[in-house]
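Close look at the chain arrangement
For reference, the chains in residue letters:
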Amino acid sequence: MREFFKNRFNILGILVGILLFVLIIQIINLQVIKGKYYAAVAQSRGYSSKVIDAPRGEIVDKYGRVIATNKIVSVVTIEDKGLENSELNGALYNLL
């Protein structure tokens, strides 16, 4: 048994085997045991809203006349994330 551990490759093989075993256990934990939880979390994160301030001033020419000014606009972007038509229609209705 002592000669088995003298060889570096045997020790390295045992360490790699242990790491693979731990990795497989973690994958099983995430996919099988907690899979439904993480699927629900991912589904709930499908909607996001951001307000982006654009702190710019007006653009004027050399005489001080306004060439371009700021105005507030709303932009809505819809990405198809595998929602059913009824869910998508409900989300669009809530935006209006």
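Residues numbered from 1 in each chain as written. Predicted model: local features only at pLDDT ≥ 70, side-chain atom pairs only at ≥ 80, totals over all residues. Heavy atoms only, no water.

Remarks on the overall build of the protein chain
As a reminder, the rule being used: Helix and strand assignments follow DSSP, with helices taken as H or I runs no shorter than four residues and strands as E runs no shorter than two, numbered in order from the N terminus. Residue burial is assigned from relative accessible area. The probe radius is 1.4 Å, only protein chains are included, and a residue is buried under 20% of its type maximum, exposed over 50%, and partly exposed in between.
A count of helices and strands for the protein chain gives four helices and two strands. In the protein chain, the succession of helices and strands from N to C terminus is α-α-α-β-β-α. Taken over 96 residues, the protein chain has a buried fraction of 0%.

Details of the confidence of the model for the protein chain
Going by this rule: Per-residue confidence from the predictor is given as pLDDT, running between 0 and 100.
When pLDDT is averaged along the protein chain, the result is 82; 86% of the residues meet or exceed 70. Per-element averaging of pLDDT across the protein chain places helix α1 (residues 2-6) at the bottom with 70 and helix α2 (residues 8-33) at the top with 92.

As for a nonpolar patch on the surface
Under the convention used in this document: Residues enter patches when their relative accessible area tops 30% and they take part in no salt bridge; the joining distance is 9 Å for like charges and 5 Å for the nonpolar side chains Val, Leu, Ile, Met, Phe, Trp and Tyr. Methods summary: accessible areas were calculated by the Shrake-Rupley approach with a probe of 1.4 Å, and residue burial reflects only the protein chains presented. Salt bridges are counted wherever a side-chain nitrogen of Lys or Arg sits within 4 Å of a carboxyl oxygen of Asp or Glu.
Side chains of I11, I14, L15, I18, F21, V22, I24, I25, I28, V32 and I33 sit close together on the surface and give an oily, nonpolar patch of about 1000 Å² of accessible area. Relative to the assigned elements, F21 resides in helix α2. Of the residues examined, F21 reaches a relative accessible area of 56% and is grouped as exposed.

Remarks on the packing of aromatic side chains
Heads up, the rule is: Pairing of aromatic side chains here covers Phe, Tyr and the six-membered ring of Trp, requires ring centres within 6.5 Å, and sorts the geometry by plane angle: under 30 degrees stacked, over 60 edge-to-face, intermediate tilted.
All chains considered together, the criterion is met by one aromatic pair. Seen from their ring centres, Y37 and Y38 are 5.0 Å apart, and the 65° between their planes marks the pair as edge-to-face. Taking relative accessible area as the criterion, Y37 reaches 52% and is therefore assigned exposed. Looking at Y38, the relative accessible area reads 40%, which means it is partly exposed.

Here's the deal with α2
Note: α-helices contain 3.6 residues per turn, so residues at a spacing of three or four share the same orientation. Here is the rule: Each helix should span, by expectation, one fewer than its residue count multiplied by 1.5 Å. Polar contact is defined as a pair of N or O atoms within 3.5 Å, subject to the rule that within protein one atom must be able to donate a hydrogen and the other to accept it, and that residues adjacent in sequence are counted only when both atoms are side-chain atoms.
The end-to-end C-alpha distance of α2, which contains 26 residues, comes to 36 Å, matching closely the 38 Å that a straight helix rising 1.5 Å per residue would cover. Sitting at the head of α2, N7 places a side-chain oxygen 3.3 Å from the backbone nitrogen of F9.

Some details on the environment of S49
Relative to the elements of secondary structure, S49 occurs in the loop between α3 (35-44) and β1 (59-60). You can call S49 exposed: its relative accessible area is 58%. In this structure the C-alpha to C-alpha distance between S49 and V76, which are 27 residues apart in sequence, comes to 9.4 Å.

A short note on the pattern of salt bridges
Per the stated rule, a full pass over the model turns up one salt bridge. The partner of D61 in a salt bridge is R65, and the shortest N-O contact between them spans 2.9 Å. Relative accessible area serves as the criterion here: at 21%, D61 is assigned to the partly exposed category. With a relative accessible area of 52%, R65 lands in the exposed category.

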